[in-house]
Amino acid sequence: MNCATKILWIDCIGGMTAGIVVTLFHAWFSVFYGLPVMFIVFVGVMNFAYGMFSFSLAIREVRPFWLFCILVIGNILWGILCVVWVFKYLNTASIFGLAHLILEAVFVAGLGVFEWLYRSNLSLAR
């Protein structure tokens, strides 16, 4: 496994882990973060679904470029959405909820940038 491919594994493991933890403990996160329960469930389910998509690319021998582009665009858009949600929940979320959204935005957008920078290695055979 080359170094660039590890980015995909970080992406999928991070997404699936966050999705499982947030979804399982959605009630606790809702109180701790000061965010609506259904919002927390939505974030958890989306993280898991995205992690599964990323996993489907990580295990491929050859990654079609168009699927890879969906991955990168998804990361960038999710990062932007997290920033939008920071502003939406600025007056109701706890500092921990806001910090989670900000850190998630930085993490996923950063992954998207690195994935794009290494696109030639990531869209080819492992």
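Keep in mind the model is a prediction, meaning the values are calculated, not measured. Counting of residues starts from 1 at the beginning of each chain's written sequence and follows it residue by residue. Local features are withheld for residues below a pLDDT of 70 in this predicted model, meaning they are given only at 70 or higher, and side-chain atom pairs are given and counted only at 80 or more; totals for whole chains, interfaces and linings count all residues. In computing side-chain values, all of the structure's heavy atoms are included and hydrogens and water are not.

Asks: How do you make sense of the packing of helix H2 (residues 26-33) against helix H3 (residues 37-58) when you look at a structure like this?
Replies: Two quantities define a packed helix pair, namely the angle between the helix axes and the distance between the axes. To get an axis, a line is fitted to the C-alpha atoms, and for a helix only the part in contact is used. The angle between two axes follows their N-to-C directions and goes from 0 to 180 degrees. Helix numbers and strand numbers start at the N terminus; a helix is a DSSP run of H or I with at least 4 residues, a strand a run of E with at least 2. Where H2 contacts H3, the axes come no closer than 9 Å and their chain directions differ by 120°. It follows from the interaxial angle that H2 and H3 lie oblique. Handedness of the crossing formed by H2 with H3: right-handed. Between H2 and H3, the residues in contact are His-26, Phe-29, Ser-30 and Tyr-33 and Val-37, Ile-40 and Val-41, respectively. Think of it as three bins: nonpolar holds Ala, Val, Leu, Ile, Met, Phe, Trp, Tyr, Cys and Pro, charged holds Asp, Glu, Lys and Arg, and polar takes everything else, Gly as well. Class assignment of the residues belonging to the contact of H2 with H3 gives a composition of 5 nonpolar, 2 polar and no charged. For classification purposes, an angle smaller than 35 degrees is called roughly parallel, one larger than 145 roughly antiparallel, one from 65 to 115 roughly perpendicular, and anything else oblique. Crossing chirality is assigned from the near helix's rotation relative to the far helix, an anticlockwise turn below a right angle marking it left-handed and a clockwise turn marking it right-handed. Here, residues are in contact when the closest pair of their heavy atoms is within 4.5 Å.

Asks: Would you mind going over the side chain of Ser-54 with me for this structure?
Replies: Checked against the element boundaries, Ser-54 lands in helix H3. Note on classification: 1.4 Å probe, protein chains only; a residue is buried when its accessible area is under 20% of the maximum for its type, exposed when over 50%, partly exposed between these limits. The class of Ser-54 is buried, set by a relative accessible area of 0%. Every residue in contact with Ser-54, bar those within four places of it in the chain, is listed here: Leu-8, Asp-11, Cys-12 and Leu-71.

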